[in-house]
Amino acid sequence: MSNAKELKKDLFLEKKHGGLLFSEEELKKAFDFCEEYKNFLNSSKTEREAVDYAVARAEKNGFTPFDPAKTYKAGDKVYLNNRGKALILCVVGKKPLTEGVHIMAAHTDSPRLDLKQVPLYEDNEIAYFKTHYYGGIKKYQWGATPLSLHGVVVKADGSTVTVRVGEDAGDPVFCVTDLLPHLAADQMKRPAGEILRGEELNLLIGSLPFRDDEASERVKLAIMKLLNEKYGITETDFLSAELEVVPAFPAVDIGFDRSIVGGYGQDDRVCAYTEMEAVFGAENPENTVMCIFADKEEIGSCGNTGMKCAFLRHFIEDLAAPYGIAGRTVLGKSKCLSADVSAAFDPTFADVSEKKNNAFLNYGVSICKYTGSRGKGGSSDASAEFMGYIRRLLDNGGVLWQTSELGKVDQGGGGTVAAYIAELDVDTIDVGVPVLCMHAPFELTSKIDVYSTYRAFAEFSK
Ligand code: MN
Ligand code: MN
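Within each chain, residue numbers correspond to sequence positions counted from 1 in written order. Labels are handed out in written order, letters beginning with A for the chains and numbers beginning with 1 for the ligands. Per-residue local features of the predicted model are confined to residues with pLDDT of at least 70, and side-chain atom pairs are confined, for both listing and counting, to 80 or more; whole-chain, interface and lining totals are unaffected and use all residues. The basis for every side-chain value is the complete set of heavy atoms in the structure, and neither hydrogens nor water enter the calculation.

## Description of the sheet that holds strand E12 (residues 252-254)
So, point 1. Strand pairing is defined by DSSP finding a minimum of two bridges between the two strands. Helix and strand definitions here come from DSSP, where helices need a minimum of 4 consecutive H or I residues and strands a minimum of 2 consecutive E residues; each element is numbered from the N-terminal end. Taken together, 5 strands build an open sheet; the order of strands is E12-E13-E23-E22-E16 and the sheet is mixed. Strands at the two margins of the open sheet, each flanked by one partner only, are E12 and strand E16 (342-343).
So, point 2. Relative to strand E13 (residues 260-263), E12 runs antiparallel, the two being bridged by 3 bridges. Its bridge partner lying in E13, Ile-254 is registered against Ile-260.
So, point 3. By the convention used here, residues are in contact when the closest approach between their heavy atoms is within 4.5 Å. Lines fitted to C-alpha atoms define the axes, with helix axes restricted to the stretch in contact, and inter-axis angles between N-to-C directions lie between 0 and 180 degrees. Here helix H3 (residues 24-43) sits on the sheet and contacts E12, E13 and strand E23 (443-446); the angle it forms with E13, its principal contact strand, is near 10°.
So, point 4. Where helix H11 (residues 447-460) meets the sheet, its contacts fall on E12, E13, strand E22 (434-436) and E23, and the angle it forms with E23 comes to roughly 70°.

## Some words on helix H4 (residues 47-60)
So, point 1. Multiplying 1.5 Å by the helix residue count minus one yields the expected span of that helix. If you check H4, its first and last C-alpha atoms are 20 Å apart, about what 14 residues at 1.5 Å a residue would give, namely 20 Å.
So, point 2. Positioned one or two residues after H4, Gly-62 has a phi angle of 90°, which is positive.

## A look at helix H5 (residues 218-231)
So, point 1. The end-to-end C-alpha distance of H5, which contains 14 residues, comes to 20 Å, matching closely the 20 Å that a straight helix rising 1.5 Å per residue would cover.
So, point 2. Note on classification: 1.4 Å probe, protein chains only; a residue is buried when its accessible area is under 20% of the maximum for its type, exposed when over 50%, partly exposed between these limits. Among the residues making up H5, those that are buried are Val-219, Lys-220, Ala-222, Ile-223, Met-224, Leu-227 and Tyr-231.
So, point 3. Buried residues along H5 sit in contact with strand E5 (112-123), strand E6 (126-134), strand E8 (160-165) and strand E10 (203-206).
So, point 4. A positive backbone phi angle near 70° is found at Gly-232, which sits one or two residues after H5.

## Here's the deal with the side chain of Asp-267
So, point 1. Here Asp-267 lies in helix H6 (residues 266-280).
So, point 2. Of the side chains with opposite charge, Arg-269 comes closest to the buried, unpaired Asp-267, at an N-O distance of 8.8 Å.
So, point 3. Between N or O atoms, a polar contact is any pair within 3.5 Å; within protein, one atom must be a potential hydrogen donor and the other a potential acceptor, and residues adjacent in sequence are included only when both atoms are from side chains. There is a polar contact of 3.0 Å between the side chain of Asp-267 and the side chain of His-439.
So, point 4. When sequence neighbours within four positions are dropped, the list of residues in contact with Asp-267 reads His-107, Asp-109, Ser-110, Glu-298, Asp-340, Val-341, Met-438, His-439 and Glu-443. Under the counting rule used here, the positive set is Lys and Arg, the negative set is Asp and Glu, and His together with the chain ends is not counted. The rule for a salt bridge is simple: a side-chain nitrogen of Lys or Arg has to be within 4 Å of a carboxyl oxygen of Asp or Glu.

## Some details on the side chain of Thr-108
So, point 1. Following the sequence through the fold, Thr-108 ends up in the loop between strand E4 (101-107) and E5.
So, point 2. Among residues more than four places away in sequence, those in contact with Thr-108 are Thr-46, Glu-47, Ala-50, Lys-85, Arg-269, Ala-272, Phe-293 and Ala-294.

## Considerations on the packing of H6 against H11
So, point 1. Interhelical geometry of H6 versus H11 gives an angle of 45° and a closest axis separation of 8 Å. Here H6 is positioned oblique relative to H11, judged by the angle of their axes. Crossing hand, H6 versus H11: right-handed. Contacts from Val-270, Cys-271, Thr-274, Glu-275, Glu-277 and Ala-278 in H6 reach Val-450, Thr-453, Tyr-454, Phe-457 and Ala-458 in H11.
So, point 2. Side-chain classes follow a simple rule in which Ala, Val, Leu, Ile, Met, Phe, Trp, Tyr, Cys and Pro form the nonpolar group, Asp, Glu, Lys and Arg form the charged group, and the remainder, Gly included, forms the polar group. The class makeup of the residues in the contact of H6 with H11 is 7 nonpolar, 2 polar and 2 charged. For classification purposes, an angle smaller than 35 degrees is called roughly parallel, one larger than 145 roughly antiparallel, one from 65 to 115 roughly perpendicular, and anything else oblique. Note on convention: the crossing is left-handed when the near helix lies turned anticlockwise from the far helix by less than a right angle, right-handed when the turn is clockwise.

## Things to note about the coordination of the manganese ion (ligand 2)
So, point 1. Taken together, Asp-267 (OD), Glu-298 (OE), Glu-298 (OE) and His-439 (NE2) make up the protein donors of the manganese ion (ligand 2), found 2.1 to 2.7 Å from the metal.
So, point 2. Any N, O or S atom lying within 2.8 Å of the metal counts as a donor, and for Na, K and Ca the limit rises to 3.2 Å; water is left out, so some sites can look incomplete. Spacing between the donor residues of the manganese ion (ligand 2) along their common chain follows D-x30-E-x140-H.
So, point 3. Here the manganese ion (ligand 2) and the manganese ion (ligand 1) are spaced 3.3 Å apart, and both take Asp-267 as a donor. Here Glu-298 is found in the loop between strand E14 (288-294) and helix H7 (311-320), whereas its partner His-439 is found in the loop between E22 and E23, with 141 residues between them in sequence. Judged on exposure class, the residue Glu-298 and its partner His-439 are both buried.

In structure tokens, the structure reads:
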């Protein structure tokens, strides 16, 4: 008979820390992997920029725009660019489509401040843009921090101007002002959700007046003149613009040991990057593999670039049609890793988590059987059978993995795109990277977990 120590090893669930489990060589691979990841975060701070980055990389990797009139064969690589804001990358597999496709779906929109439709104004000789925040933010985190401006303006003649200010060396940045503590006695009595209110998230963009003693709104005029000279736009052109305000600082290493990546928008560009690298590495996969960059997840996956839109279903129908195969036949046999981040255990705020079921930094890719809130509401609860498949896939591939749940029961909750893909009759489960400071302007992930998530997606793409 075994002793207790051996018996426990055989019978108990054991969690493994990547920092102890990984060889020096594997650790170096994880760290090296995150170098280009940081470049991706810096060049892709909006959903449009993420799509641009991925399309450029895809074309270098032999992907061509998807043509529904064509019949694709094993090894073909195609992409579908949905309005410049969502994307499908696809590598056709050896098996027929009747055996289903392997889908990985991340989102590339992140919480931010959007400019209102009529944004420009002057108040006491300072020029501002009015904003309307996008997604779940703690508004107070967006004051007194350098911010950049990204997006597009569609002019009266229909031409589009791209804006990106605050990212290059020498660029100016912008700022939402906050009150000095000396005068903040009343402000500090406000509930935390109102320390900065929605209508106080005004972006400071200039302060020099147009030189004319007679005119009013001279600072606004001077700014509009600069914008007209640089972009050829007038104030009316803001009506047909999508301009997004995001943190201006770059992604960096955190800690003396450099084990963590800090940067904006890792929810969910960390999963977008890792699934994209897996698809780029997929040469002649068994099943057809797809990776999706979805938009609008942070506000409910709505619109024609969000995951509630039919673009995935239509793509699969178009891919299968030349073979005389119905889309529903493909979908019913398909598998999906809904690629989104999970909440990492934060020792400083331990009481919101239930430790046995929370994800931890450095314990690998996290698998989340269900999300939702108040009794799993709004979740796509994956089946035991599909969870069993994922276990075997990751264990056979030697991938470091853990399970996760978003906080204690009834502490809060949240959802992902999983529900909308599962609704298409696809076996779906949430898989992703644990994050600290999620939805803050500066989010943290472990390099071991980022690399383990890439490894999970690579196994799924074989
Ligand atoms: Mn997310
Ligand atoms: Mn999110």
